[in-house]
Amino acid sequence: MRPFKRLISPDEALKLIMSYAKPIEDKEEIEVLAALNRVLAEDINASIDVPPFDRAAEDGYAVRAEDTFGASRTNPKRLRIVGKVLAGEDPKIKVTEGTAVEIATGAVIPEGANAVVPVEETELDDDGKHVIIYKAVHPGFDVSKKGEDISKGDIVLRGGTVLGPPQIGVLAALGITRVMVYRKPKVAVIPTGDELVNPGEPLPRGKIYDVNTYTLSSVILENGGIPVIVERVPDDLSDLKNALERSLKEADVVIFSGGSSVGVRDFLLDIFSERGKVLFHGVKLKPGKPTLAAIIDGKLVMGFPGYPTSCLSNAYYFLVPVLRKIARLPERKWRAMRCKMGHRITSTLGRMQILPVKIENGLAFSVFKESGAITSLSNAEGFVFIPEDVDLIDRGDDVEVYMIRD
């Protein structure tokens, strides 16, 4: 066993790896229906006006506005109905002085009309051939003008925009079916350890199910990446080297879980040192002290602790910001909630502690069991970050809880 030579602060470690995280440049064209949460790789110019014609904003009667001037409940106007226009029809009817056309929401405004009187402000005459107008309207009233939403030639979406439902709607409104986006970064997830068994297989005594592959892959999917899951690698130097080389060819980032500490079978430091530039080994973090990072073939390669809580905490703290930068997604803003601590917490001086907590009646309670317990985080609603120079938080002390879920 070898001691850690030097521990660096979590902020220093994050700053280091972020400096090597380069936004992805590769692009791909995909179907618009598959583009949700993807990052647009080009400006979108409108090829048409939206709407492409003057249309009715609500149900009513298309009229010449001047034929309604002076109309009121006590002084109604009477116009002759010369037809009806439904949405989707190309009207051949013309509105002239003293006439009106019944019109549906979204229908094309017929020639000669310049306003719509809402149906609520009208009444059908007893003869069924005339409409009584109870409200005066001005030109353009209840008319959505051609190009009012989008004008042909406008840049409607900029490259770098994250495509949400409203942006997908803009693309559809322009008749676009395929769009150019940045490729999602691939992250190799390499579980290591002779003790691991895949979920679904029999569990012999002394073995445990592989948790980290599933939690890491979920974090990757949630933050714009594609997990490349590598078959479990035993604690063997040659096998670990081979897994690294294969992953470097397939992925943009490589994450090992386990093997990053200083035990007799923790080989990652030697492998990383031999193949590239080690950025750090050991972070002033609890849990997560045995964290390792290197640059190999220009790619970020990290070793996370094998214990599930440590591994997932590392993913939130290090992998999320790095991956989002590479994926060109906006920085994740963790919502903070001011609470009081529900009980006394002692911490370790010299290491920042990431304390998972739940909130009850405005009080934060620790749910941390130990680094190997995945329920330390499954039961958590957020984290309290205890600075490295603080060893005690008393009951009733104010704390900031950074929420895992919005």
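Model, not experiment: these values are computed from the prediction.

So, how was this worked out
- Residues numbered from 1 in each chain as written.
- Predicted model: local features only at pLDDT ≥ 70, side-chain atom pairs only at ≥ 80, totals over all residues.
- Heavy atoms only, no water.
- Helix = DSSP H or I, 4+ residues; strand = E, 2+ residues; numbered from the N terminus.
- Rg over C-alpha atoms; globule rule 2.2 N^0.38 Å.
- Buried < 20%, exposed > 50% of the residue type's maximum accessible area, 1.4 Å probe, protein only.
- Contact = heavy atoms within 4.5 Å.
- Areas by Shrake-Rupley, 256 points an atom, 1.4 Å probe, with all protein chains shown as cover.
- Phe/Tyr/Trp six-rings, centres within 6.5 Å; stacked < 30°, edge-to-face > 60°.
- Lys NZ or Arg CZ within 6 Å of the ring centre and 35° of its normal.
- Salt bridge = Lys/Arg side-chain N within 4 Å of Asp/Glu carboxyl O.
- Pairing = 2+ DSSP bridges.
- Axes fitted to C-alpha atoms, helices over the stretch in contact; angles between N-to-C directions.

Chemist: Explanation requested: the overall build of the protein chain in the structure shown.
Modeler: Helix and strand content of the protein chain: 7 helices and 28 strands. A globule of 406 residues ought to have a C-alpha radius of gyration of about 22 Å, yet the protein chain, at 32 Å, is considerably larger. Each of the three principal axes of the protein chain carries a C-alpha extent, and together these read 100 × 50 × 40 Å. Here the protein chain, with 406 residues, has 47% of them falling under the buried criterion. Residue pairs in contact within the protein chain that sit at least 24 positions apart in sequence constitute 69% of those at least 6 positions apart. Entry remark: accessible area of the protein chain is about 19900 Å², with carbon and sulfur atoms responsible for 50%.

Chemist: Teacher, can you tell me more about the packing of aromatic side chains here?
Modeler: Two measures describe an aromatic ring pair: the distance that separates the ring centres and the angle between the ring planes. Under the defined criterion, the tally for this structure stands at 8 aromatic pairs. Ring centres of Tyr 316 and Trp 334 lie 5.7 Å apart, and the angle between their planes is 90 degrees; on these two criteria the pair is classed as edge-to-face. Here the residue Tyr 316 occupies a position in helix 6 (residues 308-326), and Trp 334 occupies one in the loop between helix 6 and strand 22 (336-341), the gap between them amounting to 18 residues. Residue Tyr 316 is classed as buried on the basis of its relative accessible area, which comes to 14%. Overall, the relative accessible area of 26% leaves Trp 334 in the partly exposed class. Measuring from ring centre to ring centre gives 6.3 Å for Phe 383 and Phe 385, while their planes differ by 45 degrees; the resulting arrangement is tilted. By the ring-pair criterion, three or more aromatic residues cluster together here, those being Phe 280, Tyr 316, Tyr 317, Phe 318, Trp 334, Phe 383, Phe 385 and Tyr 402. The lysine or arginine in question, Arg 73, covers the ring of Tyr 134, its NZ or CZ lying 4.3 Å from the ring centre.

Chemist: I keep staring at the pattern of salt bridges and nothing clicks. Help me out?
Modeler: Pairs can form between side chains of opposite charge once their charged atoms are near each other. Considering all chains together, one arrives at 25 salt bridges under this definition. Between Asp 297 and Arg 275 there is a salt bridge whose closest N-O contact spans 2.8 Å. Taken together, the residues Asp 297 in the loop between strand 20 (292-296) and strand 21 (299-304) and Arg 275 in helix 5 (residues 268-275) connect sequence positions 22 residues apart. The exposure class of Asp 297 is exposed, given its relative accessible area of 53%. Residue Lys 340 pairs with Asp 398 through a salt bridge whose shortest N-O separation is 2.8 Å. A residue pair is termed long-range when its members are at least 10 positions apart, and Lys 340 in strand 22 and Asp 398 in strand 28 (residues 398-403) qualify at 58 residues. Overall, the relative accessible area of 39% leaves Lys 340 in the partly exposed class. For Asp 398, a relative accessible area of 45% gives the class partly exposed. A single network of salt bridges, built from pairs that share partners, joins Asp 26, Arg 183 and Asp 252.

Chemist: Please clarify how helix 3 (residues 212-222) should be interpreted in this entry.
Modeler: Owing to its 3.6 residues per turn, the α-helix brings residues three or four apart onto one side. Every buried residue of helix 3 is listed here: Asn 212, Thr 213, Thr 215, Leu 216, Ser 217, Val 219 and Ile 220. Buried-residue contacts for helix 3 involve strand 13 (186-191), strand 16 (226-229), strand 17 (253-257), strand 21 and helix 6. With its phi angle positive at about 85 degrees, Gly 224 sits one or two positions after the end of helix 3.

Chemist: Can you help me understand the pairing of strand 4 (residues 60-63) in this one?
Modeler: Of the pairings in the sheet, the one linking strand 4 to strand 6 (residues 99-103) comprises 3 bridges and is antiparallel in character. Residue pairing for strand 6: Ala 62 is matched across the bridge by Val 101. Looking at chain direction, strand 4 and strand 7 (residues 115-118) are connected through 4 bridges and run antiparallel. Residue pairing across strands places Gly 60 opposite Pro 118, the latter belonging to strand 7.

Chemist: Is there a simple way to explain the sheet that holds strand 13 in this structure?
Modeler: To summarise the sheet geometry, strands pair through backbone hydrogen bonds and adopt either a parallel or an antiparallel arrangement. The strand order across the open sheet built from 6 strands is 16-13-17-21-20-18, with neighbouring strands paired in mixed fashion. Every other strand in the sheet has two partners, leaving strand 16 and strand 18 (277-281) as the edge strands with one partner each. The sheet shows a mean angle of 20 degrees between the axes of neighbouring strands, taken without regard to direction. Both strand 20 and strand 21 contribute to a ladder of 5 bridges, which runs antiparallel. When the bridges of strand 21 are listed, Ile 296 appears paired with Lys 299. Of the strands in this sheet, strand 13, strand 17 and strand 21 touch helix 6, which is tilted by about 170 degrees from strand 21.

Chemist: Can you help me understand the environment of Asp 236 in this one?
Modeler: Within the secondary structure, Asp 236 sits in the loop between strand 16 and helix 4 (237-250). Judged by relative accessible area, Asp 236 falls into the partly exposed class, the value being 32%. Taking the C-alpha atoms as reference, Asp 236 lies 25 Å from Val 283; in sequence the two are 47 residues apart.

Chemist: How should the sheet that holds strand 9 (residues 130-133) be read in this particular structure?
Modeler: A sheet is described by the order of its strands in space; here 6 strands give the open sequence 7-4-6-5-9-8, paired in mixed fashion. Of all the strands in the sheet, the pair left with one neighbour each is strand 7 and strand 8 (122-124). On average, each strand axis in the sheet is tilted by 40 degrees relative to the strand beside it, whichever way the strands run. Alignment of strand 5 (residues 77-85) against strand 6, held across 4 bridges, turns out to be parallel.

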